[in-house]
Amino acid sequence: MTDTTETKHKAGWGSKETMSKLAKRHRSEKAFRMIGLGAILIALCMLATLLVSIASKGFTAFVQTRFDIEITFSQDVIDPNNTRDLEVLRSASYGSLVRDALRKEFPEVKSRRDLRSLFGIVSKGSVKQLRQLVMEDPGLIGQTKVISLIASDDMDMFNKGYIDRNVVEADRRVKDKEVAWFDQLDNKGAVELVFNTGFFTSGDSGEPEIAGIWGAVVGSFYTLLITFVIAFPIGVMTAIYLEEFAPQNKFTDIIEVNINNLAAVPSIVFGLLGLALFLNVAHLPRSAPLVGGLTLALMTLPTIIIAARAAIRAIPDSIRQAALGLGASPQQTAFHHVLPLSMPGILTGTIIGLSQALGETAPLLMIGMVAFIVDIPGGVTDPATVLPVQVFLWADSPERAFVEKTSGAILVLLGFLVFMNALAVMLRKKFERRW
Amino acid sequence: MLAEVQTPETTKENAIIKASDVSVFYNDKQALNGVSLDIIENQITSLIGPSGCGKSTFLRCLNRMNDTVPGGRVEGKITLDGHDIYASSVDEVLLRARVGMVFQKPNPFPKSIYDNVAYGPRIHGLAKNKDDLDDIVLTSLEKAGLLKEVRDRLNATGTGLSGGQQQRLCIARALAVQPDIILMDEPCSALDPIATAKVEELIEELRENYTIIIVTHSMQQAARISQKTAFFHLGEIVEVGDTEQLFTSPSDERTQGYITGRFG
């Protein structure tokens, strides 16, 4: 019976009808391939545009303008009583060393106002620079040495070409006199562009030329550490319990629906929850990675649970049966077989969750991690900020020099992300088993 | 009259498992309806019947694997050496160590061959030290007839073996726990004829030391290897008896119909 109906509809090989159908199918397959390829190309183009624009803007944040200026480490200024006491060395007026050096460098500058702008061409950070040099080697006192001082942010911008000298003076942040001083130094070969190590080793600062990203990197690290330590075990245990042990009933259905809903809750709501719970009830320290990590752990939990459940569900039942059939208890089955086998999938989900947490700003604003923090956090209870918040803070600052810092910080954030993902791929490879 | 003849015979042959009036429900669906069967020690008992007749379900009652199915419920009484295995004092995990199981699809763990076999002894603490464990693993592989083929690659993964080797590895894994009874759920259905022949040969050898209950779709297999055969149909046992007798002169016409290939 089926045969007859088939023959009725069956067109012969090479018949006109078959050929036209075939051509149509081939056309549609080709069109689909082109559309798919187009989608990938568009995505790649956007990614490339993003990366190129950030990298081209942020690249200059990694170098820094310095002026080679002869500094006289005068005994009278630093340590008049020749005590070599560290406290004396620390509190000495290194600013006057810089000012004396600049006066000597530009003896023609006399008026108070001009002197003030002259002193402004080097960064306020140069004081710290000199202090550090002297503290490390008190033998410098009494010597005269050429020191490469950090330039001010305006000079740095001018050197990097962000400030155009052809613009009328009134519209230009760097005035004609400063341009002349710069040129004079430049002609002497005293202007150099060096790698900005300070950007990677120091914390935030109000002065863009000495502001660094390290404080935020360490803050992000501690915050994610707390997030991982809290969310990973809880998430994995929840997933195992729900998948392997929990009875199927209304109650577990409600839990499942709620977990899925929680994954979709806006992150700022988790911030409010963190504020209410960890700061107002538990009185944990404000602005601390501990609180940030706990808050982000709340946010990451649903993602980890959902990914882990999917990974656990993908383990074939035959493995569970094999273990149970050998007299393994359900717990042994779960922990000896199901969990190790689902680990690659669980790790992937965890890294996705942590990457989300790494880029999260909104909930951290609620718990005070948006504060201006100069010190590098030494632990999870120290005040800290995180990378995305640092990006936000710098993008919000009026100084021109913070533009490149913002892009530089974004590059560091992306680097952090790539590092995390690479770690995930490595761990996954390690845990992966060939079936 | 027939019953009178059989009764002394069964006692003489020592029934290790006695199932009486066993019914199994999955939620509201009844899968098994009042099945009674005695399993004789050191014999091979085949369970045959068309798909969905409840033979696998019955098999899985004997080591309480049905407990792991949500909504599954077992009624009736099954005794092992006179002890009710569904009594609340019985731990199903310990029971499964005494009643091993081999599944339809070879399911070695994605670990090394050695670890596959060593897993059971490890969790039950059967080996006192490393040498003891090595001994158990090698003996079990030897009993399963696999040692010759894998001796030089015990650390290779178990899933890299051929289908037949994998199934024999699963048998070795079950033997390593030192069970008294081995349940086999269509152990050869995923294997080619040559691998099947090897596994069958192995099952016949194992009969000396173990009681084996095997579910099979192949009537030839049942006829070849088993001493007792039970024919299941629609969740009930239609006929049970000596294999030779059941295949040559079945007393029920449904059995007759099934073994001659009229249905099933």
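Keep in mind that what you see is a predicted model, and the values were worked out from it rather than measured.

The rules behind the values
- Residues numbered from 1 in each chain as written.
- Chains lettered and ligands numbered in written order.
- Predicted model: local features only at pLDDT ≥ 70, side-chain atom pairs only at ≥ 80, totals over all residues.
- Heavy atoms only, no water.
- pLDDT = per-residue confidence, 0-100.
- Contact = heavy atoms within 4.5 Å.
- Buried area = accessible area lost by both parts, 1.4 Å probe.
- Salt bridge = Lys/Arg side-chain N within 4 Å of Asp/Glu carboxyl O.
- Polar contact = N/O pair within 3.5 Å; in protein donor to acceptor, adjacent residues only side chain to side chain.
- Pairing = 2+ DSSP bridges.
- Helix = DSSP H or I, 4+ residues; strand = E, 2+ residues; numbered from the N terminus.
- Axes fitted to C-alpha atoms, helices over the stretch in contact; angles between N-to-C directions.
- Nonpolar A, V, L, I, M, F, W, Y, C, P; charged D, E, K, R; others polar.
- Patch = residues over 30% accessible without salt bridge, like charges linked within 9 Å, V, L, I, M, F, W, Y side chains within 5 Å.
- Areas by Shrake-Rupley, 256 points an atom, 1.4 Å probe, with all protein chains shown as cover.
- Lys, Arg positive; Asp, Glu negative; His and termini not counted.
- Charge placed at Lys NZ, Arg CZ, Asp CG, Glu CD.

*Asks:* When you look at the confidence of the model for chain B in this model, what are you seeing that I'm missing?
*Replies:* Residues shown with low pLDDT carry predicted positions that ought not to be read at fine detail. Residues and elements named next belong to chain B. For chain B, the average pLDDT comes to 88, and 95% of its residues sit at 70 or higher. Confidence drops under pLDDT 50 across residues 1-11; counting only partners more than four residues distant or on other chains, this segment forms 2 contacts. We note a pTM of 0.82 for the whole complex and an ipTM of 0.87 for its interfaces.

*Asks:* I'm lost on the interface of chain B and chain A in this one. Help?
*Replies:* The figure often quoted for interface size is the accessible area lost as the parts come together. Between chain B and chain A, the contact holds 23 residues from the first and 19 residues from the second. Together chain B and chain A conceal approximately 1800 Å² of surface at their shared face, both sides included; 63% is due to carbon and sulfur atoms. The three residues of chain B that bury the most area against chain A are B:Phe109, B:Pro110 and B:Tyr119, which together make up 30% of that side's buried surface. For the pair chain B and chain A, the number of links is 0 salt bridges. At the junction of chain B and chain A, the tally comes to 6 residue pairs in polar contact (both at pLDDT 80 or more).

*Asks:* Sorry, what's going on with the sheet that holds strand S7 (residues 181-185) of chain B here?
*Replies:* The pairing of strands in a sheet happens through backbone hydrogen bonds and is either parallel or antiparallel. All names here are of chain B. Spatially, 6 strands are ordered S6-S7-S8-S3-S9-S10 in an open sheet, and the strand pairing comes out mixed. Of all the strands in the sheet, just strand S6 (99-102) and strand S10 (236-242) have a single pairing partner and so form its edges. Between one strand axis and the next, the sheet turns through 15° on average, direction left out of account. Note that S6 and S7 share 4 bridges and pair parallel. Bridging across to S7, Val99 finds its partner in Ile181. Here helix H7 (residues 163-175) sits on the sheet and contacts S6 and S7; the angle it forms with S6, its principal contact strand, is near 170°. Sheet contacts for helix H8 (residues 193-206): strand S3 (44-48), S7 and strand S8 (211-215); angle to S8, the most-contacted strand, approximately 145°.

*Asks:* In this structure, what is going on with the pattern of salt bridges? I would like to understand it.
*Replies:* A side chain of one charge can pair with a side chain of the opposite charge when the charged atoms of the two come close. All names here are of chain A. In this structure the tally under the stated criterion is 30 salt bridges over all chains. The partner of Lys104 in a salt bridge is Glu70, and the shortest N-O contact between them spans 3.5 Å. With Lys104 in helix H5 (residues 94-105) and Glu70 in strand S1 (residues 63-72), this residue pair connects regions lying 34 residues apart in the sequence. Sharing partners across several salt bridges, the network here consists of Glu243, Glu256, Arg309 and Arg313.

*Asks:* For this particular structure, what's the right way to read the environment of A:Gln331?
*Replies:* Here A:Gln331 shows up in helix H16 (residues 330-358). The spacing of A:Gln331 and A:Ser267 is 64 residues in sequence and 35 Å in space, taken between C-alpha atoms.

*Asks:* Sorry, what's going on with the sheet that holds S1(A) here?
*Replies:* Residue and element names in this part refer to chain A. Pairing is antiparallel in the open sheet, where 3 strands are placed in the order S2-S1-S3. On the outer flanks of this sheet lie strand S2 (144-150) and strand S3 (191-195), each paired with one strand and no other. Here the strands of the sheet are splayed against their neighbours by 40° on average, with no regard to which way each runs. Note: S1 against S2, 7 bridges, orientation antiparallel. Note on S2: the bridge partner recorded for Arg66 is Ile150. Strand contacts of H5: S1 and S2, with the helix running at about 85° to S1, the strand carrying the most contacts.

*Asks:* Help me understand the packing of helix H11 (residues 214-245) of chain A against helix H18 (residues 387-395) of chain A in this model?
*Replies:* Between two packed helices, both the angle of their axes relative to each other and the distance between the axes serve to describe the pair. Residue and element names in this part refer to chain A. As a packed pair, H11 and H18 sit with axes 8 Å apart at the nearest point and diverge in direction by 145°. Residue-level inspection shows Ala216, Val217 and Ser220 of H11 in contact with H18, the latter providing Leu387, Pro388 and Gln390. Of the residues contributing to the contact of H11 with H18, the split by class is 4 nonpolar, 2 polar and no charged.

*Asks:* In this structure, what is going on with a negative patch on the surface? I would like to understand it.
*Replies:* The grouping of B:Glu201, B:Glu204, B:Glu205 and B:Glu208 at the surface amounts to a negative patch. Examined against the element boundaries, B:Glu204 turns out to sit in helix H8.

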